[in-house]
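# Descriptive analysis of the structure
The residues making up each chain are set out below.
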Amino acid sequence: IAEKTDRELVVVWQPDAHCDCRFSDLFDYDGAVIEESFPGEAAARGCHLYNYMEVEEGARKDAEIRDSGGDLYLRSAYVLNSPLSSWEDENRFLRALSPVDAVRAMVAGVRTPNDVSAHVRMAGGGAYEHLAYESAAGNWTEEGHAQIAHWREKSHFSHFMKRLDMLSADGRVDRIFLAADAPETYAAFQACYGDRLAMLGREIYDRSAEQLLYALADALLLGSAPRLLGSTWSSFSELALRLAPHKMTVEMSGTDF
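This report concerns the structure included in the present document. (Residues numbered from 1 in each chain as written. Predicted model: local features only at pLDDT ≥ 70, side-chain atom pairs only at ≥ 80, totals over all residues. Heavy atoms only, no water.)

Across its full length, the chain carries nine helices and eleven strands. Taking 18 Å as the expected radius of gyration for a compact globule of 257 residues, we find that the chain reaches 19 Å, a close match to that expectation. Looking at the chain as a whole, 39% of its 257 residues are labelled buried. In the chain, the proportion of contacts linking residues at least 24 apart, taken out of those at least 6 apart, comes to 59%. (Helix = DSSP H or I, 4+ residues; strand = E, 2+ residues; numbered from the N terminus. Rg over C-alpha atoms; globule rule 2.2 N^0.38 Å. Buried < 20%, exposed > 50% of the residue type's maximum accessible area, 1.4 Å probe, protein only. Contact = heavy atoms within 4.5 Å.)

Written as structure tokens, this is what we have:
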């Protein structure tokens, strides 16, 4: 949007429970970055405020963003709805971001290419509502909480393994890359697939700055295979698809398998 309207892009990235790191912890980026959000002040100063955060007062998810002059302040956890933006343009920008050296080293240390990558996002629902970065009260609407519980159940690792076994039996996949949100998923995959499995091992599964380095590396590695088994209702699966340097065959949990 900034590029097409001759505006300066300013990234507003405030570390919080969902993403407890700075933008500079993940990317070597020379553009403008502000580390504290200010939607109220922006509106008071005459900026055109678009807030998609549906649990916040006055927010309107999916409001169409047009060039009406002046400064724009966009606050969202969702894809922006604008005739000034497109999937291709957004992905081109995301792929041009340069990960920090630590992330590059993680990616380089994992076997590639693989025949298929699997993103298993099964942590969610009532058992996880005590975690501020999961489905804690205030993060989602009541409908959103119900959707999380539904789709996380559909994304249990057993469903992925069943589909992988079918693809293996058909001779379509051999080597597998896995990114998951729970240690039991990695343990089950290692026990079943042994040396066929590639993964970026870790001891932490939170949203700390250290773990988010692993997360970015995982997203890049997920996009390195020609086929992706993703988790429905997970923006991380979508991120992997956006960062992939090539077109992927995509199957989603609860929908395609």
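At a minimum axis separation of 9 Å, helix H3 (residues 87–96) and helix H9 (residues 235–243) run at an interaxial angle of 80°. Judged on the interaxial angle alone, H9 and H3 are roughly perpendicular. Facing Trp87, Glu90, Asn91, Leu94 and Arg95 of H3, the residues of H9 in contact are Glu238, Leu241, Arg242 and Leu243. (Axes fitted to C-alpha atoms, helices over the stretch in contact; angles between N-to-C directions. Parallel < 35°, antiparallel > 145°, perpendicular 65-115°, else oblique.)

Considering the arrangement of structural elements, one finds histidine 119 in strand E7 (residues 116–120). With a relative accessible area of 4%, histidine 119 lands in the buried category. Polar side-chain contacts of histidine 119 include one of 2.6 Å to the side chain of serine 237. Beyond its immediate sequence surroundings of up to four residues, histidine 119 is in contact with Phe160, Ala179, Leu222, Leu229, Gly230, Ser231, Ser234, Phe236 and Ser237. (Polar contact = N/O pair within 3.5 Å; in protein donor to acceptor, adjacent residues only side chain to side chain.)

The subject of this paragraph is the nonpolar core. Nonpolar side chains tend toward joint burial in soluble globular proteins. Counting 28 residues, the largest nonpolar core has Leu26 and Phe177 as the members making the most contacts within it. Those elements that place two or more of their residues in this core are helix H1 (23–26), helix H4 (101–108), strand E8 (176–180), helix H8 (209–222) and H9. With nine residues, H8 is the largest single contributor of residues to this core. Once you skip the residues sitting within four places of it in the chain, phenylalanine 177 turns out to touch Val110, Asn114, Val116, Ser117, Ala118, Ala198, Met199, Leu200, Asp218, Leu221 and Leu222. Core analysis: the second largest hydrophobic core is formed by 19 residues, Met122, Ile176, Leu178 and Phe189 among them. (Core = buried A, V, L, I, M, F, W, Y, C linked by side-chain atoms within 4.5 Å.)

Moving on, we come to the state of the cysteines. One way to say it: the disulfide is the covalent bond shared by the sulfur atoms of two cysteines. Tallied over the entire structure, the rule returns zero disulfides. Take cysteine 21: it sits in no disulfide, and the sulfur closest to it among the cysteines is that of cysteine 19, at 4.1 Å. (Disulfide = S-S within 2.5 Å.)

As far as function goes, none of this settles anything; it's purely spatial.
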